[in-house]
Amino acid sequence: MVRSVVAVFAGFLTIVVLVLASAPVIAKLLPGTAARPTRGYLVANLLTGFVFAGVGGWIAAHIAASGPHWH
C-alpha cells in the first residue's frame with residue numbers, strides 16, 4: 001500500500017516539476033500575454049503537458065511493484 005502511494009505521488013510530482021520547468025521556457029520562446037496567449041503557446045503547452053503526463057505515468061508504473069497499470 002505504501003509503495004502504491006509513493007508511486008502515484010512520485011508520478012504526480014514528476015509532472016508538476018516538468019510542467020513548472022517548461023512553462024517559462026515555452027513562454028519565453030512563444031510570447032503572448034496572459035490575457036491573450038498565442039495559438040503556438042497553447043499548442044506547445046498542451047503537447048508538453050501530454051508528454052509530461054505520459055512520463056509521470058511511466059514513473060508511477062515503474063515504481064509500483066504490483067499492478068503497474070493500475071497506477
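Computed from a predicted model, the values in this text were never measured in an experiment. (Residues numbered from 1 in each chain as written. Predicted model: local features only at pLDDT ≥ 70, side-chain atom pairs only at ≥ 80, totals over all residues. Heavy atoms only, no water.)

S.K.: How do you make sense of the overall build of the chain when you look at a structure like this?
M.R.: For the chain, the helix and strand inventory stands at two helices and zero strands. Here the C-alpha radius of gyration of the chain, 15 Å, is well above what a compact globule of 71 residues would show, namely 11 Å. Each of the three principal axes of the chain carries a C-alpha extent, and together these read 45 × 15 × 15 Å. By the burial criterion, 14% of the 71 residues in the chain qualify as buried. Of the roughly 5300 Å² of accessible surface on the chain, 76% is carried by carbon and sulfur atoms. (Helix = DSSP H or I, 4+ residues; strand = E, 2+ residues; numbered from the N terminus. Rg over C-alpha atoms; globule rule 2.2 N^0.38 Å. Buried < 20%, exposed > 50% of the residue type's maximum accessible area, 1.4 Å probe, protein only. Areas by Shrake-Rupley, 256 points an atom, 1.4 Å probe, with all protein chains shown as cover.)

S.K.: Explain helix α1 (residues 2-29) here, please?
M.R.: The periodicity of an α-helix, 3.6 residues per turn, causes residues three or four positions apart to be oriented the same way. With 28 residues, α1 ought to run about 40 Å at 1.5 Å a step, and its terminal C-alpha atoms sit 41 Å apart, in line with that. The sharpest bend along α1 comes to roughly 25°, located at S22, with the proline P24 sitting one to four residues further on. Those residues of α1 lying buried are A7, A10, G11, S22 and I26. Its buried side turned inward, α1 meets α2 (39-63). (Expected span 1.5 Å × (residues − 1). Bend = angle between axes of the 7 residues up to and from the residue. Contact = heavy atoms within 4.5 Å.)

S.K.: I tried to follow a nonpolar patch on the surface on my own but got confused; where do I start?
M.R.: On the surface, V43, L46, L47 and F50 cluster together into a nonpolar patch covering about 410 Å² of accessible area. Structurally, the position occupied by L46 is in helix α2. (Patch = residues over 30% accessible without salt bridge, like charges linked within 9 Å, V, L, I, M, F, W, Y side chains within 5 Å. Salt bridge = Lys/Arg side-chain N within 4 Å of Asp/Glu carboxyl O.)

S.K.: Got a minute to help me understand the environment of L47 in this structure?
M.R.: With respect to the element layout, L47 can be found in helix α2. A relative accessible area of 51% places L47 in the exposed class. Considering only alpha carbons, one finds L47 and V5, 42 residues apart in sequence, at a separation of 27 Å.

S.K.: Could you clarify how one ought to interpret the environment of T14 in this entry?
M.R.: Looking at the element boundaries, T14 is found in helix α1. The spatial distance from the C-alpha of T14 to the C-alpha of F50 is 13 Å, given a sequence separation of 36 residues. In this structure, T14 is in contact with V55, G56 and I59, ignoring residues within four places of it in sequence.

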